[in-house]
Amino acid sequence: MLLVVSRFELLSDEQWALIEDLLSARTGRPGRPFSDARVMVEGIIYRYRCGLAWRDVPGVFGPWQTIWTWHRRLAREGTWDVVLQRLQAFADAAGLIDWSVSVDSTIARAHQHATNITRHTGGWIELHETRNRAA
């Protein structure tokens, strides 16, 4: 038996076992079925972990269009919310989550010209208009 291990394997078998039943195998649409749901999910995880554009997801996960379609469909159905809840509940029960919260009240003020809002600040044109009105 040949076992191929990818350097991109992102989910442990235990994590995959927790969410596998939430990810439907078929969409009911005609077309060629995908080979492995785990590869699709790991492609999505890899994309977010690395901050890549969809087109830059490595080919080992399959076509980027398929991965994007999977992500969009699961997000629209609310599946990602259920996956997050299940993984959080498991991690919390195992004591892996520290629920302490840190709040930072730092304020970073931007210069008035750092916005893209057009403002009338009394420039040359308005000074001309004022002079014409006074005469």
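Cut-offs used in this document
Residues numbered from 1 in each chain as written. Predicted model: local features only at pLDDT ≥ 70, side-chain atom pairs only at ≥ 80, totals over all residues. Heavy atoms only, no water. Phe/Tyr/Trp six-rings, centres within 6.5 Å; stacked < 30°, edge-to-face > 60°. Helix = DSSP H or I, 4+ residues; strand = E, 2+ residues; numbered from the N terminus. Buried < 20%, exposed > 50% of the residue type's maximum accessible area, 1.4 Å probe, protein only. Lys NZ or Arg CZ within 6 Å of the ring centre and 35° of its normal. Core = buried A, V, L, I, M, F, W, Y, C linked by side-chain atoms within 4.5 Å. Contact = heavy atoms within 4.5 Å. Axes fitted to C-alpha atoms, helices over the stretch in contact; angles between N-to-C directions. Parallel < 35°, antiparallel > 145°, perpendicular 65-115°, else oblique. 1 Å grid on protein atoms, 1.4 Å probe; cavity = no way out; pocket = protein on both sides within 12 Å on 5 of 7 lines; lining within 4 Å. Points joined across faces, edges and corners; volume = space filled by probe spheres on them. Nonpolar A, V, L, I, M, F, W, Y, C, P; charged D, E, K, R; others polar. Salt bridge = Lys/Arg side-chain N within 4 Å of Asp/Glu carboxyl O.

- As recorded in an unreviewed UniProt entry, the protein goes by the name Insertion element IS402-like domain-containing protein, listed as coming from Amycolatopsis tucumanensis.

**Details of the packing of aromatic side chains**
Each aromatic ring pair is characterised by the separation of its centres together with the angle its planes make.
Alright, step 1. Within the structure shown, the criterion is met by two aromatic pairs.
Alright, step 2. When the ring of Tyr46 is compared with that of Phe61, the centres are 5.4 Å apart and the planes differ by 40°; the resulting orientation is tilted. Here the residue Tyr46 occupies a position in helix 2 (residues 37–50), and Phe61 occupies one in the loop between helix 2 and helix 3 (64–77), the gap between them amounting to 15 residues.
Alright, step 3. Since its relative accessible area comes to 16%, Tyr46 is described here as buried.
Alright, step 4. The exposure class of Phe61 is buried, given its relative accessible area of 3%.
Alright, step 5. Cation over ring: Arg47 sits above Trp54, and NZ or CZ is 4.4 Å from the ring centre.
Alright, step 6. The cationic tip of Arg73 hangs over the ring face of Trp70; the distance from NZ or CZ to the ring centre is 5.2 Å.

**Some points on the nonpolar core**
Alright, step 1. By size, the foremost hydrophobic cluster in this structure holds 18 residues, and its most contacted members are Trp16, Ile19, Leu23, Val41, Ile67 and Trp70.
Alright, step 2. Residue assignment for this core shows that the elements contributing at least two residues are helix 1 (13–19), helix 2 and helix 3.
Alright, step 3. Ranked by the residues each element gives to this core, the list is headed by helix 2, at five residues.
Alright, step 4. Once residues lying within four places of it in the same chain are set aside, the contact partners of Val41 are Leu11, Trp16, Ile19, Leu23, Trp70 and Trp80.

**So, the packing of helix 2 against helix 3**
Alright, step 1. Look at helix 2 against helix 3: their axes get within 9 Å of each other, and the N-to-C directions meet at 90°. Considered as vectors, helix 2 and helix 3 are oriented roughly perpendicular to each other. Here helix 2 contributes Ala37, Met40, Val41, Gly43, Ile44 and Tyr48 to the contact with helix 3, which in turn contributes Thr66, Ile67, Trp70 and His71.

**Overview of the layout of surface pockets**
Alright, step 1. Roughly 360 Å³ of volume is contained in the second largest pocket.
Alright, step 2. Of all the secondary-structure elements, those providing two or more residues to the lining of the second largest pocket are helix 1, helix 2 and helix 4 (79–93).
Alright, step 3. The residue inventory of the lining of the second largest pocket, partitioned by class, reads 11 nonpolar, one polar and two charged.

**Focus: the pattern of salt bridges**
Alright, step 1. If you walk through the whole model with that rule in mind, you get four salt bridges.
Alright, step 2. For Asp21, the salt bridge goes to Arg86, with nearest N and O atoms at 2.7 Å. Linking Asp21 in the loop between helix 1 and helix 2 with Arg86 in helix 4, this pair joins segments that are 65 residues apart in sequence.
Alright, step 3. Given the relative accessible area of 57%, Asp21 is considered exposed.
Alright, step 4. Among the ionic pairs, Glu77 bridges to Arg73, the shortest N-O distance being 3.7 Å. Here Glu77 pairs with Arg73, and both are found in helix 3, just four residues apart, close to one helical turn.
Alright, step 5. Here Glu77 falls in the partly exposed class, since its relative accessible area comes to 48%.
Alright, step 6. Residue class for Arg73 comes out buried when judged on its relative accessible area of 8%.

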